Amino acid sequence: MPDTAIAEAPAKAATTGGNILQVRNLEAWYGESHILHGINFDVNAGEVVTLLGRNGAGKTTTLKSIMGIIGKRAGSIRFNNEEIIRATSDRIARMGIAFCPEERGIFASLDVRENLLLPPIVRAGGLSLDQIFELFPNLKERLSSQGTKLSGGEQQMLAIARILRTGASFLMLDEPTEGLAPVIIQQIGHTIARLKKEGFTILLVEQNFRFASTVADRYYVVEHGKIIDGFSNAELAANMDKLHAYLGV
Amino acid sequence: MQALYAQLLVGLINGSFYALLSLGLAVIFGMLNIINFAHGALYMMGAFVAYFLLNNDYLSIGYWPALIIAPIVVGIFGMILERTMLQWLTGLDHLYGLLLTFGLALIIQGVFQNYFGSSGLPYAIPDQLKGGMNLGFMFLPIYRGWVVVFSLVVCLATWFLIEKTQLGAYLRAATENPTLVRAFGINVPRMITLTYGLGVGLAALAGVLSAPINQVRPLMGADLIIVVFAVVVIGGMGSIMGSIITGFALGVIEGLTKYFYPEASNTVVFVLMVLVLLVKPTGLTGRAA
């Protein structure tokens, strides 16, 4: 599917709210390396959209570009109809976008409580601590532990939990299941499904499309810094062979 | 025996200045990754601001207001330095920060030396802190006791701010991963500027405290800063509590050396620094740079 068609795909696929994020001709560089070569896609309010692709395809760079933590970017990123391509990352966060990085970003010098309370509340509507502990009961028992002393699964829960407090309604989760045990992956899947039910919009980066298929409404496939295909969850079965070829599985 | 206690007191007073200065250096290094060689010059500026506040044709602002005004004035000067110069060194090797701040120190000291020479200007002890107390085993000048107690309180308050408050959590997190902290919605560049202002303000506060004891001299910071860097290296770069404890401890060790083996009193700190670097290069409580 050509890029222009991809850009229009959400209009066909939209089953939820209005357009919340529009990415057009997004290019990004790490130093001299040109990583993204004109990414186009949209996310509608209340959707879970997944970016699929092989390692190094540009999925994480896309999230980082939206978050404003890439040195050089060009093109257009509109969030709630506001252009954010030139905004600083702290301003983007205060507009209601929250980012959970692949490496989780748990701070070693902070205990679990401090890690949890670190991101400031940017707007009303975030989850309370009680709601967070209901989602992730393990965290309540480990509040005074050093953040990096938690297990991988607990660290991932902490990384997701802390952005739920902020009131951001648009969450970007970068490979939340990477390196986790199946039971934890299942728990994270339930959490994402519940967040979707509560109205959060989620942009997910995943290599594990079996996991993604349990939560996503739509998919975009990223390759060599471009979106090369896109389809809805209902179209997943019909696109399975293509997807295997794209992902090399 | 009285001489021993007297040297212990001198050691504690020096330790107070070491602790305040090395604390400021640790705060700045932790957040900015800059080895702030201008710290001694900014300490000297603190003393000079107190001197100017008292000795001018318009106002006669004494010691107590100077304790607040001088750190604010020098802190603002430091923030201007950070915004206009130091911020451009982000991500570069430590050496660039060291060279820039060393150059700044030479310029600041040179300007003051040009106008005020090298001799000391007197700054009187405030009336409330004049005199002394006979403790039985030694005579304690009240001002010196005040310096030790006040420095300790300021050091512990700074430690509390950084280790036990939400603002401190921002600072510690930004030390580890400023990009992510900024992506949470915190204005990290502004926080860095304020942190530099805080570190510099602590140096200026030490300068005001020192003015009645050591007189106000353009090179007062240059004399002290080398020892303070040794303190920071021993305590561990970036460690807040390490800087405080090491500052006071090395002051006391220096004082004791003056009593037991005066010939080594000027070198004992550096000998300890070499030993610590050999055994634990990151310092007693520090993290790797």
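Position labels on residues start from 1 in each chain and follow its written sequence. Here the convention is simple: chains get letters from A, ligands get numbers from 1, in the order in which they are written. Where local features are concerned, this predicted model is filtered to residues with pLDDT of at least 70; where side-chain atom pairs are given and counted, the filter is 80 or more; whole-chain, interface and lining totals use all residues.

Put simply, the rule is: UniProt positions are given in the numbering used here, feature names are shortened, and annotations may be inferred rather than shown by experiment.
In the nomenclature of an unreviewed UniProt entry, chain B is known as Branched-chain amino acid ABC transporter permease of Bradyrhizobium iriomotense. As recorded by UniProt, the Subcellular location (unreviewed entry) comment attached to chain B reads in full: "Cell membrane". Quoted verbatim from the Sequence similarities (unreviewed entry) field of UniProt, the annotation for chain B is "Belongs to the binding-protein-dependent transport system permease family. LivHM subfamily."

Labelled according to an unreviewed UniProt entry, chain A appears under the name ABC transporter ATP-binding protein, originating from Bradyrhizobium iriomotense. Per UniProt, the comment on chain A under Function (unreviewed entry) is "Involved in beta-(1-->2)glucan export. Transmembrane domains (TMD) form a pore in the inner membrane and the ATP-binding domain (NBD) is responsible for energy generation." The UniProt entry for chain A carries this comment under Sequence similarities (unreviewed entry): "Belongs to the ABC transporter superfamily."

Quick look at the overall build of chain A
The cut-off we apply is this: Strands here mean DSSP runs of E at least two residues long; helices mean DSSP runs of H or I at least four residues long; both are numbered from the N terminus.
Per the secondary structure count, chain A includes ten helices and ten strands. Across its three principal axes, chain A shows a C-alpha extent of roughly 50 × 40 × 35 Å.

Focus on the overall build of chain B
Here is the rule: Every radius of gyration here is taken over C-alpha atoms, with the globule rule written as 2.2 Å times N^0.38, N being the number of residues. Buried means a residue has 20 or more other C-beta atoms within 10 Å of its own C-beta, exposed means 12 or fewer, and partly exposed covers the counts in between; C-beta atoms are placed from the backbone. A pair of residues counts as a contact when their C-beta atoms, built from backbone coordinates, are separated by no more than 7 Å.
The secondary structure content of chain B amounts to eleven helices and two strands. The secondary structure elements of chain B, listed N-terminal to C-terminal, are α-α-α-α-β-β-α-α-α-α-α-α-α. What you see for chain B is a C-alpha radius of gyration of 19 Å, in line with the 19 Å of a compact globule of 289 residues. Each principal axis of the C-alpha distribution contributes one length, and for chain B these read about 60 × 55 × 35 Å. Every one of the 289 residues in chain B was classed for burial, and the buried ones make up 49%. Contacts spanning at least 24 positions in sequence make up 79% of the contacts within chain B whose residues lie at least 6 apart.

Looking at unusual backbone geometry
Even without being glycine, N81(A) reaches a positive phi, approximately 70°. Of note, N81(A) is situated in the loop between β4 (72–79) and β5 (82–83). N81(A) sits in the exposed class, given 9 other C-beta atoms within 10 Å. Of note in the backbone geometry, Q215(B) takes a positive phi value of approximately 70° without being a glycine. The residue Q215(B) is located in the loop between α8 (188–214) and α9 (220–235) in this model. We classify Q215(B) as partly exposed; it has 15 C-beta atoms within 10 Å.

Details of the UniProt feature "transmembrane region" (unreviewed entry) in chain B
All names here are of chain B. Sites flagged by UniProt as "transmembrane region" (unreviewed entry) map to residues 6–27, 34–54, 60–81, 93–112, 143–162, 192–213, 225–253 and 260–279. Helix makes up 86% of residues 60–81 and strand makes up 0%, while its end C-alpha atoms are separated by 28 Å. Span residues 93–112 is 95% helix and 0% strand, its end C-alpha atoms 30 Å apart.

As for the packing of helix α5 (residues 142–164) of chain B against helix α10 (residues 240–260) of chain B
Geometrically, a packed helix pair is captured by the angle between its two axes and the distance between the axes. Residue and element names in this part refer to chain B. Our working rule: Under this scheme, a helix contributes an axis fitted over its contacting stretch, all axes are lines through C-alpha atoms, and angles between N-to-C directions fall in the 0 to 180 degree range. For this classification, under 35 degrees means roughly parallel, over 145 means roughly antiparallel, 65 to 115 means roughly perpendicular, and everything else is oblique. Each crossing is labelled by how the near helix is turned from the far one, with a counterclockwise turn of less than a right angle marking it left-handed and a clockwise turn marking it right-handed.
It is at 10 Å that the axes of α5 and α10 come closest, and there the two elements cross at 165°. On the basis of their axis angle, the class for α5 and α10 is roughly antiparallel. Where α5 crosses over α10, the two elements pack in a sense that is left-handed. From α5, C155, W159, I162 and E163 reach across to α10, where they touch I240, M241 and I244.

Re the sheet that holds strand β8 (residues 201–206) of chain A
All names here are of chain A. Rule in force here: Here a strand pair is declared whenever DSSP counts at least two bridges between the two strands.
Strand order in this open sheet of six strands is β6-β7-β8-β3-β9-β10, and the pairing throughout is mixed. The sheet is open, and its two borders are formed by β6 (97–100) and β10 (226–232), each paired with just one other strand. Along the sheet, successive strands turn relative to each other by an average axial angle of 20°, direction set aside. Examined bridge by bridge, strand β7 (residues 170–174) and β8 share five bridges and lie parallel to one another. Counterpart to L171 in the pairing with β8 is I202.

A closer look at the packing of helix α2 (residues 39–54) of chain B against α9(B)
Residues and elements named next belong to chain B. Where α2 contacts α9, the two axes come as close as 8 Å, and the packing angle between them is 135°. Taken together, the axis directions place α2 and α9 in an arrangement best described as oblique. Classified by chirality, the crossing of α9 by α2 is right-handed. Seen from α2, the contacting residues are H39, G40, A41, Y43, M44 and A47; seen from α9, they are M220, G221, A222, L224 and I225.

Focus on the environment of M31(B)
Residue and element names in this part refer to chain B. Along the chain, M31 turns up in helix α1 (residues 2–32). Accessibility expressed as a C-beta count within 10 Å gives 24 for M31, which makes it buried. C-alpha of M31 to C-alpha of E176: the two residues are 145 residues apart in sequence and 8.6 Å apart in space. Aside from chain neighbours lying at most four places away, what touches M31 is L171, A174, T175, I192 and T195.

Digging into helix α4 (residues 94–116) of chain B
Because each turn of an α-helix spans 3.6 residues, side chains separated by three or four positions in sequence point in the same direction. Residue and element names in this part refer to chain B. Operational definition: Multiplying one less than the number of residues by 1.5 Å gives the expected span of a helix.
With 23 residues, α4 extends 33 Å from end C-alpha to end C-alpha; this agrees with the ideal 33 Å at 1.5 Å per step. As for α4, its buried residues are in contact with α2 and α9. Once α4 ends, the next one or two residues include G117, with phi positive near 70°.

Regarding the interface of chain B and chain A
Filter applied, for reference: Classification used: nonpolar for Ala, Val, Leu, Ile, Met, Phe, Trp, Tyr, Cys and Pro, charged for Asp, Glu, Lys and Arg, polar for all others including Gly.
Counting from both sides, the interface comprises 14 residues of chain B and, opposite them, 19 residues of chain A. Sorting the residues of the side of chain B that touches chain A by element identifies α6 (166–176) and α7 (178–183) of chain B as the ones contributing at least two each. Top element by residues in the side of chain B that touches chain A is α6(B). It accounts for five residues. Of the residues that constitute the side of chain B that touches chain A, the class distribution is six nonpolar, five polar and three charged.

Thoughts on the nonpolar core
Our working rule: Among buried residues, those of type Ala, Val, Leu, Ile, Met, Phe, Trp, Tyr and Cys that are joined through C-beta atoms within 7 Å form a set called a nonpolar core.
If you look at the biggest cluster of nonpolar residues, it comprises 160 residues, and the most contacted ones within it are M172(A) and A204(B). No other element matches the 16 residues that α1(B) contributes to this core. Beyond its immediate chain neighbours, meaning those up to four positions away, M172(A) contacts L63(A), I66(A), M67(A), I97(A), A98(A), F99(A), C100(A) and L203(A).

Overview of the pairing of β7(A)
Residue and element names in this part refer to chain A. This is how the line gets drawn: When the strands point away from the viewer and the connection leading from the first strand across the helix to the second strand turns clockwise, the crossover is called right-handed.
The element β7 is extensively covered by neighbouring structure, given that five of its five residues are classed as buried. What you see with β7 is no split at all: F170, M172 and D174 on one side and L171 and L173 on the other are buried throughout. Here β6 runs beside β7; their pairing, made up of four bridges, is parallel. Counterpart to F99 in the pairing with β7 is M172. The parallel pair β7 and β8 is bridged by helix α8 (residues 182–197), and the resulting crossover is right-handed.

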